[in-house]
There are 2 protein chains.
Amino acid sequence: MATSSTRPTSAAPPRPDRRSRRRQETIDEIIEIAQDVMAERGVNGLSLSEVARRLGVQPPALYKYFDSLAALYDELFLRGHTEHLDQVREAMRTAPPGLAAVRAGLDASARWAMGSRGVAQLAFWRPVPGFEPSPAAFVPSQEMVKVFRAGFSDAVAGGELGPGADSDEACWLLSAMLIGAISQAMANEPDLPFGEGRFTPLLATLFDTFPTIYPPPKPRRSARRPPAD
Amino acid sequence: MATSSTRPTSAAPPRPDRRSRRRQETIDEIIEIAQDVMAERGVNGLSLSEVARRLGVQPPALYKYFDSLAALYDELFLRGHTEHLDQVREAMRTAPPGLAAVRAGLDASARWAMGSRGVAQLAFWRPVPGFEPSPAAFVPSQEMVKVFRAGFSDAVAGGELGPGADSDEACWLLSAMLIGAISQAMANEPDLPFGEGRFTPLLATLFDTFPTIYPPPKPRRSARRPPAD
DNA sequence: GTCTATATTATGATAGAC
DNA sequence: GTCTATCATAATATAGAC
């Protein structure tokens with residue numbers, strides 16, 4: 001036995017963190033390639049073979065990182081929602097609380113979706129015949145509802161919206177607006193970025209109807225110069 | 001030359017209408033099966049092999065009716081939009097002109113989509129990687145815009161909406177509302193029919209914001225008892 | 001962890017007999 | 001118009017050598 005170490009059996013893995021770091025890098029690279037493939041060929045155009053081809057590796061090698069194609073989809077779904085959530089959170093954090101924050105979150109949502117089209121389609125539409133995301137992959141998606149709920153709650157507290165807006169229903173409305181606008185944009189203007197074309201600008205118009213759907217109880221106060229109090 | 005007829009060449013097809021009628025029936029049957037398959041397995045779950053299997057025939061036989069899988073998709077796309085257009089037209093025709101007609105059309109749209117999910121996904125989202133509908137298949141889709149434009153025009157003329165509603169933009173808004181609501185419904189409540197669940201009812205809420213988006217110039221008159229004139 | 005080889009299955013499509 | 005036979009391709013996934 002070697003004198004240098006406490007490990008009694010098996011070949012000594014030198015610097016296991018280095019190994020696992022390389023492994024993580026490979027996983028990240030696979031994910032990136034998969035995102036590219038989906039953006040180019042649609043969600044259903046993804047295959048392990050194509051990923052292997054672009055990674056410069058034979059398909060069986062991928063099974064060391066993902067158990068199956070479904071597992072890869074699941075990771076893509078999870079990471080997509082997580083990234084989406086992060087960007088929405090950040091946008092809302094840096095905006096004034098209330099309606100403005102919700103609007104900023106919605107805007108960030110749409111930007112993320114238009115910038116990550118393949119993943120967005122996977123996340124919002126579930127277009128892959130056999131694929132059902134694992135419960136764990138849904139966690140960030142559920143968290144998103146809470147984030148927007150909090151924003152609406154602030155808007156109600158600030159008198160920008162009526163009490164009905166502090167509800168799940170308001171969040172569903174918001175998501176329907178988002179998905180309607182980006183669906184149309186992706187189907188009809190697949191090459192235009194967010195903000196251009198006929199459809200993504202509609203999102204602002206739709207959002208501005210919230211005070212009509214949930215009218216605040218008191219007369220709206222102007223944004224500038226609140227009444228001296 | 002034969003004396004009986006003006007056909008100089010080729011064998012005479014006896015009763016060509018009967019033959020072509022059977023042919024048309026087969027085509028219709030293929031279409032129906034394809035719709036079923038898409039509803040069950042998603043748009044990308046459609047294959048000629050599966051259609052042949054259900055039709056009780058070998059795959060090569062289908063090529064007598066459709067040149068390729070893409071041609072079948074194209075026919076499905078065309079028929080879907082045509083059926084959709086017919087139902088919208090009929091709903092608008094039997095409703096009072098103006099906003100009520102637009103609302104009836106939107107309602108019919110959503111009902112059709114939720115009742116023909118596979119085709120609706122093909123028609124609204126284009127989720128098949130290589131497939132681009134032929135120009136001819138787009139005709140009913142363009143016609144739809146005209147139909148809704150006419151409805152909005154009536155609503156403007158009747159003082160229900162402001163002049164801005166007589167625009168393509170209003171039609172895009174309408175379609176974004178529709179697609180947002182049904183996208184969410186199909187992805188999250190795939191088994192519920194139109195009108196049930198959390199999402200399809202949102203369509204009415206969204207639609208009711210139109211007078212806010214395009215406010216009529218004069219004070220709104222009540223629906224009942226128009227001012228004596 | 002990667003490779004080769006292979007099993008298995010499925011697909012779209014064509015040729016040619018009947 | 002349908003069949004059998006076949007081509008060509010591609011996919012997921014596993015076994016086992018290195």
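Just so we're clear, the structure is a prediction, and the values are computed from it rather than from any experiment.

Reading the values: rules and limits
- Residues numbered from 1 in each chain as written.
- Chains lettered and ligands numbered in written order.
- Predicted model: local features only at pLDDT ≥ 70, side-chain atom pairs only at ≥ 80, totals over all residues.
- Heavy atoms only, no water.
- Helix = DSSP H or I, 4+ residues; strand = E, 2+ residues; numbered from the N terminus.
- Buried < 20%, exposed > 50% of the residue type's maximum accessible area, 1.4 Å probe, protein only.
- Contact = heavy atoms within 4.5 Å.
- Axes fitted to C-alpha atoms, helices over the stretch in contact; angles between N-to-C directions.
- Parallel < 35°, antiparallel > 145°, perpendicular 65-115°, else oblique.
- Nonpolar A, V, L, I, M, F, W, Y, C, P; charged D, E, K, R; others polar.
- Expected span 1.5 Å × (residues − 1).
- Core = buried A, V, L, I, M, F, W, Y, C linked by side-chain atoms within 4.5 Å.
- Near = heavy atom within 4 Å.
- Polar contact = N/O pair within 3.5 Å; in protein donor to acceptor, adjacent residues only side chain to side chain.
- Least-squares fit on C-alpha atoms with pLDDT ≥ 70 in both.
- Buried area = accessible area lost by both parts, 1.4 Å probe.
- Salt bridge = Lys/Arg side-chain N within 4 Å of Asp/Glu carboxyl O.

(A) Focus on the side chain of serine 109 of chain A. All names here are of chain A. Structurally, serine 109 can be placed in helix H5 (residues 99-115). For serine 109, a relative accessible area of 2% puts it in the buried group. In contact with serine 109, not counting residues within four places along its chain, are His84, Val88 and Leu178.

(B) The packing of H5 of chain A against helix H7 (residues 135-157) of chain A, seen in detail. Residues and elements named next belong to chain A. Interhelical geometry of H5 versus H7 gives an angle of 150° and a closest axis separation of 7 Å. Classified by the angle between their axes, H5 and H7 sit roughly antiparallel to one another. In this structure, H5 uses Leu99, Val102, Gly105 and Leu106 to contact H7, whose residues at the interface are Phe148, Gly151, Phe152 and Ala155. Grouping the amino acids of the contact of H5 with H7 by side-chain chemistry returns 6 nonpolar, 2 polar and no charged.

(C) Representation of H5 of chain A. Residue and element names in this part refer to chain A. Taking 1.5 Å per residue, 17 residues should reach 24 Å; H5 reaches 24 Å between its end C-alpha atoms and fits that length. Buried within H5 we find Leu99, Ala101, Val102, Gly105, Leu106, Ala108, Ser109, Ala110, Trp112, Ala113 and Met114. Structurally, H5 contributes buried residues whose contacts are with helix H4 (69-93), helix H6 (117-125), H7, helix H8 (168-188), helix H9 (202-207) and helix H10 (210-213).

(D) Up close: the environment of tryptophan 172 of chain B. With respect to the helices and strands, the residue tryptophan 172 of chain B is situated in helix H8 (residues 168-188). Tryptophan 172 of chain B gets classed as partly exposed once you look at its relative accessible area, which sits at 22%. Not counting residues up to four positions away in its chain, the partners in contact with tryptophan 172 of chain B are Arg198, Phe199 and Leu202 of chain A.

(E) Structural context of the nonpolar core. Counting 138 residues, the largest nonpolar core has Phe124 and Phe210 of chain A together with Phe124 and Phe210 of chain B as the members making the most contacts within it. The residues contacting phenylalanine 124 of chain B, other than those within four sequence positions of it, are Ala187 of chain A together with His81, His84, Trp112, Ala113, Leu178, Ile179 and Ile182 of chain B.

(F) Geometry of the protein's contact with DNA strand C. Looking at DNA strand C, there are 15 residues lining it, with Arg23, Gln58, Lys64 and Tyr65 of chain A together with Tyr63 of chain B nearest. For DNA strand C, the fraction of protein-proximal atoms (within 4 Å) that sit in sugar or phosphate groups is 71%. Taking arginine 23 of chain A, its side chain carries an N or O atom lying 2.9 Å from a phosphate oxygen of DNA strand C. One nitrogen or oxygen atom from the side chain of serine 49 of chain B is found 3.1 Å from a phosphate oxygen belonging to DNA strand C. Taken together, the elements giving at least two residues each to the surface near DNA strand C come down to helix H3 (59-62) of chain A together with helix H2 (48-55) of chain B. The greatest single-element share of the surface near DNA strand C, amounting to 3 residues, is contributed by H2 of chain B. In terms of residue class, the surface near DNA strand C is built from 8 nonpolar, 4 polar and 3 charged.

(G) Seen up close, the relation of the copies chain B and chain A. Here chain B sits on chain A after a turn of 180° about the axis and a move of 0.0 Å along it, with an RMSD of 0.1 Å. Here the transformation between the copies is reduced to the relation of a two-fold axis. Every residue of chain B has its C-alpha some distance from the rotation axis, and the shortest such distance is that of glycine 180 of chain B, at 1.7 Å. A symmetric contact is evident, with 100% of the interface residues of chain B recurring at the interface of chain A.

(H) Region of interest: the interface of chain B and chain A. Opposite the 29 residues of chain B that make contact, chain A presents 29 residues. Buried surface at the junction of chain B and chain A, summed over both partners, amounts to about 2,500 Å²; 73% is from carbon and sulfur atoms. Summed over the three residues of chain B that lose the most area to chain A, namely Trp172, Leu202 and Leu206 of chain B, the buried surface amounts to 20% of that side. Across the contact surface, chain B and chain A share 0 salt bridges. Linking chain B to chain A there are 2 residue pairs in polar contact (both at pLDDT 80 or more). With 13 residues, H8 of chain B is the largest single contributor of residues to the side of chain B that touches chain A.

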